[in-house]
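Each chain, written out:
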Amino acid sequence: MTLSPARVPATGVRRLTTTLYGYAFLDDFVLLYPVYALLFADTGLSLWQISSLFALWSITSVVLEVPSGAWADAVSRRRLLWIGPLLTAAGFALWVAVPSYGAFAVGFILWGAGGALGSGALEALVYDELDRLGAADRYARTMGRARAARLLGTVASIGLAGPVFAQGGYAAVGAASFLACVLTAVTATRFPEHRVRAENAGDTWATTLRTGLTQVRGDRSVRGALLLVPAVAAVWGALDEYTPLLVRDIGVAEATVPYLIMLIWAGVTLGSLLAGPAERLGTGGLAVLLAGAALALAVGAASRSLAGIALVSLAFAGFQLAEVLADVRLQHRIDESRRATLTSVASLGTELATVATFGVYALLGTDAPHGTVFAVLAFPYLVTALVLARARAATARP
């Protein structure tokens with residue numbers, strides 16, 4: 001049987017997206033997510049120690065982010081996508097086997113290294129494979145659905161975390177998380193990869209990095225798109241780690257915490273699914289989206305109520321949508337040979353800003369409740385929205 005020319009791209013796109021959605025779901029199907037902050041606290045760690053662990057996680061990514069992205073432009077991106085989850089699996093096993101500050105620190109280093117290997121490599125592989133199939137215009141919709149699949153994995157893991165934790169404690173949720181990481185690595189081996197690397201096949205990762213940064217310096221549109229990614233992704237990404245503590249502060253039982261976290265991430269999933277239609281939003285529309293999400297976050301967190309948690313869910317949905325749109329802008333402005341490198345540079349900016357957010361959170365949280373700290377940290381999004389609005393006005397000016 002001979003496939004028609006139209007059938008071949010459709011088959012290729014289907015294989016790519018099916019693998020991507022499965023990979024994304026399993027990568028975040030981690031039952032430890034809603035309870036690991038509680039694990040740290042129950043082990044006796046202080047807020048400063050917990051924040052230092054989050055910072056160590058981000059610092060690891062900072063150190064490895066750009067070299068791993070440049071490496072992904074020089075070697076097989078698919079290979080990095082299956083090595084990363086195995087490192088994360090080893091970290092989770094360590095957490096539940098010997099719970100202590102040292103074990104948590106090593107686990108976060110492994111998790112950070114695993115995440116750095118996939119960061120940039122995944123987006124670059126997907127974009128280039130879609131482009132090869134003549135379907136680059138589907139990138140926003142595809143990545144929006146992939147993030148929705150990732151968030152569905154998070155929501156499913158949160159829903160299961162409660163009963164699994166009730167039956168087997170931290171050991172049970174840790175074992176389930178380990179298995180999910182192994183399955184993620186297996187799924188990654190099914191990614192198609194047809195990239196031709198003749199142009200830079202002999203380059204080292206350092207050479208790849210230098211040429212990628214040259215493109216950033218020489219193209220203002222690339223530079224602006226690159227800076228927008230951390231401006232959108234960093235703060236809410238850091239706040240996510242403290243949501244179990246925020247929820248517990250409103251007075252609910254610990255067994256209820258995973259279900260309210262699931263409510264938050266259900267909203268974020270909806271935000272991801274809107275990425276395709278929302279790609280038509282211009283700079284002004286993105287500014288309005290960020291401002292509205294910031295106000296919802298501030299009001300919801302400060303209210304310290306169940307209704308407030310719903311507003312936090314709405315805010316996170318807006319931030320997730322804006323993050324997808326920022327990534328789409330960046331991918332459309334960079335070329336194939338340096339795609340993973342520059343995507344990793346953007347992720348590096350996100351990690352640096354995230355580390356700073358962890359430090360600010362620990363400083364403010366020493367004397368203020370979690371709801372107040374969340375509300376204060378909504379302010380950077382208002383600043384970003386203002387900058388975007390001014391950029392839109394400058395563009396529209398004759």
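The chain has the name MFS family permease in an unreviewed UniProt entry, where Streptomyces paradoxus is given as its organism.

Engineer: Please clarify how the overall build of the chain should be interpreted in this entry.
Structural biologist: Along its length, the chain carries 17 helices and zero strands. Looking at the chain as a whole, 53% of its 398 residues are labelled buried. Counting only carbon and sulfur atoms, one obtains 66% of the accessible surface of the chain, whose full area is about 16100 Å².

Engineer: What exactly am I supposed to notice about the pattern of salt bridges here?
Structural biologist: Working definition: two side chains of opposite charge can pair if their charged atoms are close together. One pass over the full model with this rule turns up five salt bridges. The shortest N-O distance in the salt bridge between arginine 77 and aspartate 128 comes to 2.7 Å. Within this pair, whereas arginine 77 is found in helix H4 (residues 77–97), its partner aspartate 128 is found in helix H6 (residues 121–132), the two being separated by 51 residues in sequence. In terms of burial, arginine 77 and aspartate 128 fall into one category: buried.

Engineer: Would you take a moment to explain helix H5 (residues 101–118) for this structure?
Structural biologist: With 18 residues, H5 should cover 26 Å at 1.5 Å per step; its first-to-last C-alpha distance of 26 Å lies within 8% of that length. Looking only at H5, the buried set comprises Ala103, Phe104, Ala105, Gly107, Phe108, Trp111, Gly112, Ala113, Gly114, Ala116, Leu117 and Gly118. The positive-phi residue at the C-terminal boundary of H5 is glycine 120, with phi of around 90°.

Engineer: Help me understand the packing of aromatic side chains, please; the structure alone is not making it clear to me.
Structural biologist: Each aromatic ring pair is characterised by the separation of its centres together with the angle its planes make. For the structure on display, the rule yields 31 aromatic pairs. Ring centres 6.0 Å apart and planes at 80° place the aromatic pair phenylalanine 54 and phenylalanine 108 in the edge-to-face group. In this pair, phenylalanine 54 is assigned in helix H3 (residues 47–74) and phenylalanine 108 in helix H5, connecting sequence segments 54 residues apart. Since its relative accessible area comes to 0%, phenylalanine 54 is described here as buried. Here phenylalanine 108 falls in the buried class, since its relative accessible area comes to 0%.

Engineer: Just checking my understanding: could you explain the side chain of arginine 77 for this structure?
Structural biologist: Arginine 77 gets classed as buried once you look at its relative accessible area, which sits at 0%. From its side chain, arginine 77 meets the backbone oxygen of alanine 124 in a polar contact 3.5 Å long.

Engineer: Can you help me understand the packing of H3 against helix H15 (residues 339–365) in this one?
Structural biologist: For the pair H3 and H15, the least separation of the axes is 8 Å and the interaxial angle reads 170°. Between H3 and H15, the angle is such that the two are roughly antiparallel. Across the contact of H3 with H15, the residue classes break down as 17 nonpolar, nine polar and four charged.

Engineer: Mind showing me how you'd approach unusual backbone geometry here?
Structural biologist: Most peptide bonds are trans, and most residues other than glycine sit at a negative phi. For arginine 304, which is not glycine, the phi dihedral falls at a positive 50°. The residue arginine 304 is located in the loop between helix H13 (283–303) and helix H14 (306–333) in this model.

Engineer: Please explain the environment of threonine 341 as it appears in this structure.
Structural biologist: Considering the arrangement of structural elements, one finds threonine 341 in helix H15. With a relative accessible area of 0%, threonine 341 lands in the buried category. Each C-alpha atom, one on threonine 341 and one on glycine 120, is 6.8 Å from the other, the two residues being 221 residues apart in sequence.

Engineer: What is the right way to look at the side chain of serine 157 in this model?
Structural biologist: The residue serine 157 is located in helix H7 (residues 139–188) in this model. Ignoring sequence-local partners within four residues, the contact set of serine 157 consists of Asp28, Phe29, Val30, Leu31 and Tyr33.

Engineer: What am I meant to see in a nonpolar patch on the surface here?
Structural biologist: On the surface, Leu295, Phe379, Leu382, Val383 and Val387 cluster together to form a nonpolar patch covering roughly 460 Å² of accessible area. Among the elements that make up the nonpolar patch, the one with the highest residue count is helix H17 (residues 379–396) (four residues). With respect to the helices, strands and loops of the structure, leucine 382 is situated in helix H17.

Engineer: What am I meant to see in H13 here?
Structural biologist: In this model, H13 (21 residues) spans 31 Å end to end at C-alpha, consistent with the 30 Å of a helix rising 1.5 Å per residue. Along H13, the positions that sit buried rather than exposed are Leu286, Ala287, Leu289, Leu290, Ala293, Ala294, Ala296, Leu297, Gly300 and Ala301. Arginine 304, located one to two residues past H13, shows a positive phi value of around 50°.

Conventions used here
Residues numbered from 1 in each chain as written. Predicted model: local features only at pLDDT ≥ 70, side-chain atom pairs only at ≥ 80, totals over all residues. Heavy atoms only, no water. Helix = DSSP H or I, 4+ residues; strand = E, 2+ residues; numbered from the N terminus. Buried < 20%, exposed > 50% of the residue type's maximum accessible area, 1.4 Å probe, protein only. Areas by Shrake-Rupley, 256 points an atom, 1.4 Å probe, with all protein chains shown as cover. Salt bridge = Lys/Arg side-chain N within 4 Å of Asp/Glu carboxyl O. Expected span 1.5 Å × (residues − 1). Phe/Tyr/Trp six-rings, centres within 6.5 Å; stacked < 30°, edge-to-face > 60°. Polar contact = N/O pair within 3.5 Å; in protein donor to acceptor, adjacent residues only side chain to side chain. Axes fitted to C-alpha atoms, helices over the stretch in contact; angles between N-to-C directions. Parallel < 35°, antiparallel > 145°, perpendicular 65-115°, else oblique. Nonpolar A, V, L, I, M, F, W, Y, C, P; charged D, E, K, R; others polar. Contact = heavy atoms within 4.5 Å. Patch = residues over 30% accessible without salt bridge, like charges linked within 9 Å, V, L, I, M, F, W, Y side chains within 5 Å.

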